[in-house]
Amino acid sequence: NPSLSQLEDNAAKFEQGDISLADYVNFLGTVETVEASNSDRYPNLIRFRSIMKLEQRVAPTELQEDQANLMTRLSSALDETARAQLREQVRQVSAGALNRERFYADLEALAASHQIAIEDYPALHLYLRYLKESGQVNPQALSKELEVMVAELRTGLAGTPESRKLLAILEQIDLMEKLVDLR
């Protein structure tokens, strides 16, 4: 079965780090069944796909412009102490001492406290949505959902009893190889 062969090839590439998680998820979307895309069974996978779509819509140049415009507007609304605190947070984010999610949550709250609507900055608003949704993905659960989905796809694509038996044997061989690698 060519689809099963493609699934195996892509699964191996993903496990070896030859393709990204996004590429692997995109590939799985080309072979999955309606049942496999069930949001109740794969909530992290569905959320991850949504985040990938948001990420594609974020335009870096527009985001930088929105950030600069918001900072300019905020600077005129803040006193010197608050401006210094904001500059320090920007420095900390740049240095990696403060995570982006915390910085942008604080920035959004600061803007709101000065009656500045983030919605007035569409690229920044979209990026904040992206950050918030990214934080809701559980990496371990996503990994488990991918394993379950791939196993179901393998079974579904192995149409004949002989193919399913061969697939089970191959899975056993794969497990044995992993056990040998642990020694």
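Right above here is the structure, for reference.
This section reports on the structure supplied with the text.

Criteria and cut-off values
- Residues numbered from 1 in each chain as written.
- Predicted model: local features only at pLDDT ≥ 70, side-chain atom pairs only at ≥ 80, totals over all residues.
- Heavy atoms only, no water.
- Helix = DSSP H or I, 4+ residues; strand = E, 2+ residues; numbered from the N terminus.
- Rg over C-alpha atoms; globule rule 2.2 N^0.38 Å.
- Buried < 20%, exposed > 50% of the residue type's maximum accessible area, 1.4 Å probe, protein only.
- Phe/Tyr/Trp six-rings, centres within 6.5 Å; stacked < 30°, edge-to-face > 60°.
- Salt bridge = Lys/Arg side-chain N within 4 Å of Asp/Glu carboxyl O.

1. A short note on the overall build of the protein
The helix and strand inventory of the protein stands at nine helices and zero strands. If you list the helices and strands of the protein from N to C, you get α-α-α-α-α-α-α-α-α. Scaling as 2.2 N^0.38, a compact globule of 183 residues should have a C-alpha radius of gyration of about 16 Å, whereas the protein reaches 23 Å, well beyond that. Summarising its shape, the C-alpha atoms of the protein cover approximately 75 × 40 × 25 Å along the three principal directions. Taken across its 183 residues, the protein has 31% of its residues classed as buried.

2. Some thoughts on the packing of aromatic side chains
In total, this model carries four aromatic pairs according to the counting rule given. Ring centres of Phe103 and Tyr104 lie 5.0 Å apart, and the angle between their planes is 80°; this geometry places the pair in the edge-to-face category. In this structure Phe103 comes out as buried when scored by relative accessible area, which is 4%. Of the aromatic side chains, those joined through ring pairs into one cluster are Phe103, Tyr104, Tyr127 and Tyr130.

3. With respect to the pattern of salt bridges
Inspection of the entire model under this criterion finds ten salt bridges. The salt bridge involving Glu80 is made with Arg87; its shortest N-O contact spans 3.0 Å. Residue Lys132 is joined to Glu108 by a salt bridge in which the shortest nitrogen-to-oxygen separation is 3.0 Å. Here Glu108 lies in helix H6 (residues 100-113) and Lys132 lies in helix H7 (residues 122-134), a separation of 24 residues in the sequence. Given a relative accessible area of 22%, Glu108 falls into the partly exposed group.

4. A few points about unusual backbone geometry
The backbone phi angle of Gln115 is positive, close to 55°, even though this residue is not glycine. Residue placement: Gln115 occurs in the loop between H6 and H7.

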